[in-house]
Amino acid sequence: MKAIQLVDLQRQYKTLKKDIPSAVNKILAKGNFILGEEVADFEKNFAKYCGVKHCIGVASGTDALLLSLRALGTAPGDEVITVANTFIATVLPIIYLGAKPVLVDCDSDTYQIDPKLIEKAITRKTKVIIPVHLYGTPASMKAILKIAKKHKLYILEDACQAHGSSLAGKKCGSFGDIAAFSFYPGKNLGAAGDGGAIVTNNDLLANNVRIIRNVGQAAKYKHDLIGYNSRLDTVHAAYLNVKLKKLERWNAQRRRIAKLYHDLLTGLPLFLPPLSDKMRILNHHLYVIRTERRDELLNFLHQNNIFAGMHYPIPVHLQKSMEGLKYTNGDFPLTEKYANEILSLPMFPELTKKEVMYICRKIKEFFKNGKT
Ligand SMILES: Cc1ncc(COP(=O)(O)O)c(C=O)c1O
């Protein structure tokens, strides 16, 4: 069996090479590299896909979070509650703005922010809650919306891994005041480099974000706000327009792969991730299993040319760069436990049934042999 990558973008490109070169060549010929009409097209298409009024393309998912927080008025002295079990980019923009990240643990069923812990973390200074739909599994939005309403707090959804996931028929990114998406190449919808988007139903927030992403320019040469240079490049927008048409099909394929993993791995001493049900559609950005023998299993899979990964092996609050937050080992027991146990199996739409069967056969072999 040839090496199986965690994500294989070369294989994906084979399914795109009919349409991508012409879309990109058009821009190279026109030279409309900055905020060309393809950006507006993509923004319209992605807003429709998410079921929201506005989409604003930006330079990355991290910037999407930063600009959203800015538009919500986050400033030094404010507190922003989010989950310890996330990628560090959820937390960085809070720090960039001089606000304080207040972390809480995840729950044991979904690995997402535990709503019961949010309420305990609220103070007079709390301004925003950032639920993260990690791995593409929706956070418990009903409970979170209720808390936000009760305490008059903003919700910024970190939907950077959740393109197309939904809860009760509503897409992730359409629940809160504003939401951030990443188009990092390995995401379910990935650009040809860095890219991101902000979506919202709020006209005022949308207008502010449009100004802030374009050096604060409200009209030509009129800079009303302290902005950033954080525009989605036209080439990326054209690339994303081609790929967006395939996203639903790709996500459905990921769900088939997840179901196959689930069926083949059931019965082994592993925790398996949730599957979609009537209420909840998962996009399976990552298929994350758990075992106390994670490091051994990861090694064994690598030896067998299966390049599984870990998302994420060191929790945010234990990273050196976060020492200033004064968190310590033991603060978020579930996040810390899972960081030692989680393992992401290869997951991308072009992964074949034969490859999934091979991966599962190897995992069975590992447990059967008590391999170390
Ligand atoms: C949960 C989460 N938040 C934020 C980001 C940041 O996105 P980007 O890499 O596009 O800046 C990512 C991307 O990896 C992510 O997975």
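Residues numbered from 1 in each chain as written. Predicted model: local features only at pLDDT ≥ 70, side-chain atom pairs only at ≥ 80, totals over all residues. Heavy atoms only, no water.

Help me understand the domain arrangement of the protein chain in this model?
Frequently, the measure chosen for interface size is the accessible area that the parts lose on association. If you check the domain split of the protein chain, you get domain 1 (16–104 + 112–241) and domain 2 (246–369). With centres defined by C-alpha atoms, the gap from domain 1 to domain 2 works out at 25 Å. Both faces combined, the contact of domain 1 with domain 2 buries some 2600 Å², and carbon together with sulfur accounts for 62% of it. Area buried by domain 1 at its contact with domain 2 is led by Leu103, Tyr135 and Asn188, which between them contribute 27% of it. Remark: the boundary between domain 1 and domain 2 carries 0 salt bridges. Counting every contact that joins domain 1 to domain 2 gives 15 residue pairs in polar contact (both at pLDDT 80 or more). (Domains from an automatic or database assignment. Buried area = accessible area lost by both parts, 1.4 Å probe. Salt bridge = Lys/Arg side-chain N within 4 Å of Asp/Glu carboxyl O. Polar contact = N/O pair within 3.5 Å; in protein donor to acceptor, adjacent residues only side chain to side chain.)

So what exactly am I meant to see when it comes to the nonpolar core here?
The nonpolar side chains of a soluble globular protein tend to be buried with one another. Among the nonpolar cores identified, the biggest contains 28 residues, and Ile81, Ile113, Ile118, Ile129, Tyr135, Met141 and Ile144 are the most heavily contacted of them. Of all the secondary-structure elements, those providing two or more residues to this core are strand E2 (79–83), strand E3 (100–104), helix H6 (115–121) and helix H7 (141–151). The greatest single-element share of this core, amounting to 4 residues, is contributed by H7. For this core, the two domains that each supply at least three residues are domain 1 (16–104 + 112–241) and domain 2 (246–369). (Core = buried A, V, L, I, M, F, W, Y, C linked by side-chain atoms within 4.5 Å. Buried < 20%, exposed > 50% of the residue type's maximum accessible area, 1.4 Å probe, protein only. Helix = DSSP H or I, 4+ residues; strand = E, 2+ residues; numbered from the N terminus.)

Any chance you could explain the site of the ligand here in plain terms?
Surveying the vicinity of the ligand reveals 16 residues, the closest of which are Gly61, Thr62, Asp158, Ser182 and Lys187. Between an oxygen atom of the ligand and a main-chain N or O atom of Gly61, the distance comes to 2.8 Å. The side chain of Asp158 places a nitrogen or oxygen atom 2.8 Å from a nitrogen atom of the ligand. Notes on the ligand: free accessible area 390 Å², of which the protein chains cover 93%. Among the cavities detected, the one that contains the ligand is the largest pocket. The greatest single-element share of the shell around the ligand, amounting to 3 residues, is contributed by helix H4 (residues 61–71). Residue composition of the shell around the ligand, grouped by class: 6 nonpolar, 8 polar and 2 charged. (Near = heavy atom within 4 Å. Areas by Shrake-Rupley, 256 points an atom, 1.4 Å probe, with all protein chains shown as cover. 1 Å grid on protein atoms, 1.4 Å probe; cavity = no way out; pocket = protein on both sides within 12 Å on 5 of 7 lines; lining within 4 Å. Sits in = over half its atoms within 2 Å of the grid points. Nonpolar A, V, L, I, M, F, W, Y, C, P; charged D, E, K, R; others polar.)

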